[in-house]
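Examining the three-dimensional arrangement
The residues making up each chain are set out below.
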Amino acid sequence: METILNWIQSHIDIIYIVILSVFLGIEVIGRVPSVLHTPLMSGANAIHGVVIIGAIIVMGKVEPGNYVALIIGFLAVVLGTLNVVGGFVVTDRMLEMFKKKK
Amino acid sequence: MELSLLTVCYLIGSLTFIIGLKMLSHPDSARKGNLVAAVGMTIAIFGTIFLYEEEGKKLGNYSWIFGGLFLGTIIGVLAAKKVKMTAMPEMVSLFNGMGGACAALISVNEFGHISDMFAVPVIDTPGWHTTVIPLSMAGTLITIFLGLIIGAVSFAGSMIAWGKLNGKIKDFAFPGQQIFNLVLLAATLITAGYLVFNLHPNNTFLFYVIAAAALIYGILFVLPIGGADMPVVISLLNSFTGVAAACGGFLYDNQVMLTGGILVGAAGTLLTILMCKAMNRSLTNVLIGSFGGSASGAGTAKGPQGNYKEISLSDAAVCMCYANKVIIVPGYGLAVAQAQHVCHELEKLLEEKGVNVSYAIHPVAGRMPGHMNVLLAEADVSYDKLQEMEQANDEFKTTDVVLILGANDVVNPAAKTDPASPIYGMPILEVEQAKTVIVNKRSMKPGYAGIENELFFQPKTSMLFGDAKAALQKLVAEIKSL
């Protein structure tokens, strides 16, 4: 019991971030018109590409001689970049076609 | 100093994600919103590369990092620029899978670090493996396992969804699959839980067993779900990847990964539920797959009923030219045939002749919500010509001709009248209220849900067979010659 309380105590800021982000995530897209469902999904898809930062950190910490870890890290960076770049470009292409016509 | 600068970078990153998502949910600001989030992402990425330090040590292996970024950018841009508009949903699924795989690989590498630490033999302390792992390590291990499992499921599932959408993979189910899946998932989680508290140099291989089991689970989870439900599945897997990214945030105490991941996890879950609501089904109903597996059998068993009548091109042309109001109902057939441009041409031609033309968009028409909107927008169809379902259902009563282009299940009256139908309860476009209905389809084959559509056999309905693009081209030519 005490260990759990300690754990909560030492990670309290993270717990706050998680709880607030959950509500924010729900609130922020709550009124999206169905027209924008696909671009929104695609945009959210690009945003979770933020996982690339983890890949960069992993990659940067690997000992230069450890080739297995280097290759896995490299793959992670490539895939993460694909997610981010591809995600944003695809979303932009979709939205490009939503130009207002007068 | 530099470290606090990095914190500011992450703050900006998190803020742009929130603002970006907000702007993405309004038509006018959507494109800018995407750009805002992209800028924030760039700041966070380069901030990490140059400013991140751990115990006073900066990151190394720059050549590997930049090599990876470069390669990923080239492939990503090329793939995203080249993909056809109809293949967009597949592309989103593919990129989503990449993110999931990235999260899983991070866990693989981090686990490597930890198991290396334990590889140092401590032979003289008997039974050390039960006590040696402090609780703080258990927390790290839990996030590593969660990142691995969720990432791997998301990756494998997205690949299957991708294959299904482009028709390479067919629905597949074996008896007892649901139970098998549940057992597999439970076994995976229990093994992971066991490993968290009993990690030992002799059982590190179990980590890879868990990885394999998660991949298999991801495959089996998506395989039996019908192609028509893929949008929901992709949206769900999208939020999974968000949670996997957030696990990375826990691991590195990294706020931008945490906010980004959780935001997408929450927003993605809500989006998934909104999509299910549009089909008037619960999420469990979609996942257990009453549509794809068992229900198709019940539908086809009935077989075709009654007679349908065909309409000639010239009749259809005359019929539409002399109408006051025409509503076009697009569906997946339009997307497959790439007929959006000629469809717009038909619309302009009819408008010139004084016909009032609009489009009725069902929330789940096509293979993804908003699929039709994107497609028609590509052909420069004006925004205000698109009507949402409720709006369109009011309009049908006063409509002379409804032209259905490759849509089927979303106009099937069985959803309202036949409680035995698998789509019973799904809101539909009530096209049968219009005076005349013209249906363009390639054949009399049932749609994605695999059920007959009695609309086609009603007296006011006539069929115009053929590929949507070819048929519309002929129709346009016919109208011009009138």
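Reading the values: the criteria
- Within any chain, residue numbers begin from 1 and follow the written order of that chain's sequence.
- Whichever chain is written first is A, and whichever ligand is written first is 1; the rest continue in order.
- Selection of residues for local features in this predicted model requires a pLDDT of at least 70, selection of side-chain atom pairs for listing and counting requires 80 or more, and totals for whole chains, interfaces and linings are taken over all residues.
- To obtain the side-chain values, all non-hydrogen atoms of the structure were used and water was disregarded.
- Strands here are runs of E lasting at least two residues and helices are runs of H or I lasting at least four, both read from the DSSP assignment and numbered beginning at the N terminus.
- For this measure, only C-alpha atoms enter the radius of gyration; the expected value for a globule follows 2.2 Å times N^0.38, where N is the number of residues.
- For every residue, the accessible area (1.4 Å probe, protein chains only) is compared with the maximum for its type, and the residue is labelled buried under 20%, exposed over 50%, or partly exposed between those bounds.
- Any pair of residues with heavy atoms lying within 4.5 Å of one another is described as a contacting pair.
- Comment: axis = line fitted to C-alpha atoms, over the contacting stretch for helices; angle = value between 0 and 180 degrees taken between N-to-C directions.
- Here the angle decides the label: under 35 degrees means roughly parallel, over 145 means roughly antiparallel, 65 to 115 means roughly perpendicular, and every other value means oblique.
- Ten residues, namely Ala, Val, Leu, Ile, Met, Phe, Trp, Tyr, Cys and Pro, are considered nonpolar, four, namely Asp, Glu, Lys and Arg, are considered charged, and the remaining ones, Gly among them, are considered polar.
- Two rings from Phe, Tyr or Trp (for Trp, the six-membered ring) form a pair when their centres are within 6.5 Å of each other. A pair whose planes differ by under 30 degrees is stacked, one over 60 is edge-to-face, and the rest are tilted.
- Domain segmentation is taken from an automatic or database assignment of domains.
- Pairs of N or O atoms within 3.5 Å make up the polar contacts considered here, provided that, within protein, one atom can donate a hydrogen while the other can accept it, and that residues adjacent in sequence are counted only when both atoms are side-chain atoms.
- Defined here as a combined quantity, buried area equals the accessible surface (1.4 Å probe) lost by two parts on assembly, summed across both.
- One speaks of a salt bridge when a side-chain nitrogen belonging to Lys or Arg is within 4 Å of a carboxyl oxygen belonging to Asp or Glu.

1. Re the overall build of chain A
- Secondary structure assignment for chain A yields five helices and zero strands.
- If you list the helices and strands of chain A from N to C, you get α-α-α-α-α.
- Over its C-alpha atoms chain A spans a radius of gyration of 19 Å, topping by over 25% the 13 Å that the globule rule assigns to 102 residues.
- With the C-alpha coordinates aligned to their principal axes, the bounding extent of chain A is approximately 60 × 40 × 15 Å.
- Counting all 102 residues of chain A, 58% fall into the buried class.
- Partitioning the intrachain contacts of chain A with sequence separation of at least 6 by distance along the chain shows that 64% fall at a separation of at least 24.

2. Description of the packing of helix H1 (residues 2-10) of chain A against helix H2 (residues 12-28) of chain A
All names here are of chain A.
- It is at 4 Å that the axes of H1 and H2 come closest, and there the two elements cross at 75°. Comparing the axis directions of H1 and H2 gives the class roughly perpendicular. Two secondary-structure elements touch here, H1 through Trp7, Ile8, Gln9 and Ser10 and H2 through Ile12, Asp13 and Ile15.
- Counted by class, the contact of H1 with H2 contains four nonpolar, two polar and one charged residues.

3. Overview of the packing of aromatic side chains
Residue and element names in this part refer to chain B.
- For the structure on display, the rule yields 12 aromatic pairs over all chains.
- An angle of 85° between the planes, with centres 5.2 Å apart, marks the rings of Phe207 and Tyr208 as edge-to-face.
- A relative accessible area of 0% means that Phe207 is categorised as buried.
- Taking the centre distance of 5.8 Å and the plane angle of 15° together, the rings of Tyr217 and Phe221 count as stacked. Of this pair, Tyr217 and Phe221 both sit in helix H7 (residues 205-222), four residues apart, roughly one helical turn.
- In this structure Tyr217 comes out as buried when scored by relative accessible area, which is 13%.
- Overall, Phe221 belongs to the buried group, its relative accessible area being 10%.
- What links up through ring pairs into an aromatic cluster is the set Phe46, Phe50, Tyr62 and Phe66.

4. Some details on unusual backbone geometry
Residues and elements named next belong to chain B.
- Backbone geometry at Asn61 places phi at a positive 55°, although glycine is not the residue there.
- Among the secondary structure elements, Asn61 is positioned in the loop between strand E2 (57-58) and helix H3 (62-82).
- Asn61 sits in the buried class, given a relative accessible area of 14%.
- In this model, Asp380 sits at a positive phi of 70°, which is unusual for a non-glycine residue.

5. Observations regarding the domain arrangement of chain B
- Taken as a whole, chain B is organised into domain 1 (1-82), domain 2 (89-288) and domain 3 (308-480).
- Distance between the C-alpha centres of domain 2 of chain B and domain 3 of chain B: 40 Å.

6. Observations concerning the domain arrangement of chain A
- One can read the domain layout of chain A as domain 1 (1-31) and domain 2 (33-102).
- Relative placement of domain 1 of chain A and domain 2 of chain A: their C-alpha centres are 24 Å apart.

7. Here's the deal with the side chain of His48 of chain A
- Tracing the backbone through its elements, the reader meets His48 of chain A in the loop between helix H3 (37-47) and helix H4 (52-61).
- Judged by its relative accessible area of 0%, His48 of chain A is buried.
- Here Asn45 of chain A takes part through its side chain, which lies 3.2 Å from a polar atom of the side chain of His48 of chain A.
- Not counting residues up to four positions away in its chain, the partners in contact with His48 of chain A are Asn83 of chain A together with Asn96, Asn238, Thr241, Gly242, Ala245 and Val264 of chain B.

8. Here's the deal with the interface of chain B and chain A
- Contacts between chain B and chain A engage 97 residues on the former and 77 residues on the latter.
- Of the roughly 8200 Å² buried at the junction of chain B and chain A (both faces included), carbon and sulfur atoms supply 77%.
- Looking at the side of chain B facing chain A, the largest losses of area belong to Arg31, Trp64 and Asn109 of chain B, adding up to 8% of the total buried there.
- Where chain B touches chain A, the interface holds three salt bridges.
- Across the pair Glu110 of chain B and Lys61 of chain A runs a salt bridge whose closest N-O atoms are separated by 3.7 Å.
- Counting across the interface, chain B meets chain A through 15 residue pairs in polar contact (both at pLDDT 80 or more).
- Contributions of two or more residues to the side of chain B that touches chain A are made by helix H1 (2-24), helix H2 (30-51), H3, helix H4 (88-118), helix H8 (230-252), helix H9 (255-278) and helix H15 (371-378) of chain B.
- Broken down by element, the side of chain B that touches chain A gets its largest block of residues, 16 residues, from H9 of chain B.
- Classifying every residue of the side of chain B that touches chain A gives 58 nonpolar, 28 polar and 11 charged.

9. Quick word on the pattern of salt bridges
- Following the criterion strictly, the structure yields nine salt bridges over all chains and no others.
- Residues Glu395 of chain B and Lys325 of chain B are paired through a salt bridge, measuring 2.6 Å at the closest nitrogen-oxygen approach. Pair noted here: Glu395 of chain B is in helix H16 (residues 389-395) and Lys325 of chain B is in strand E3 (residues 325-330), with a separation of 70 residues, a long-range link.
- Residue Glu432 of chain B is joined to Lys416 of chain B by a salt bridge in which the shortest nitrogen-to-oxygen separation is 3.3 Å. Residue Glu432 of chain B is found in the loop between helix H17 (414-417) and strand E7 (436-441), and its partner Lys416 of chain B is found in helix H17; the two are separated by 16 residues along the sequence.
- Each of Lys61 of chain A together with Glu54 and Glu110 of chain B takes part in a single network of salt bridges with overlapping partners.

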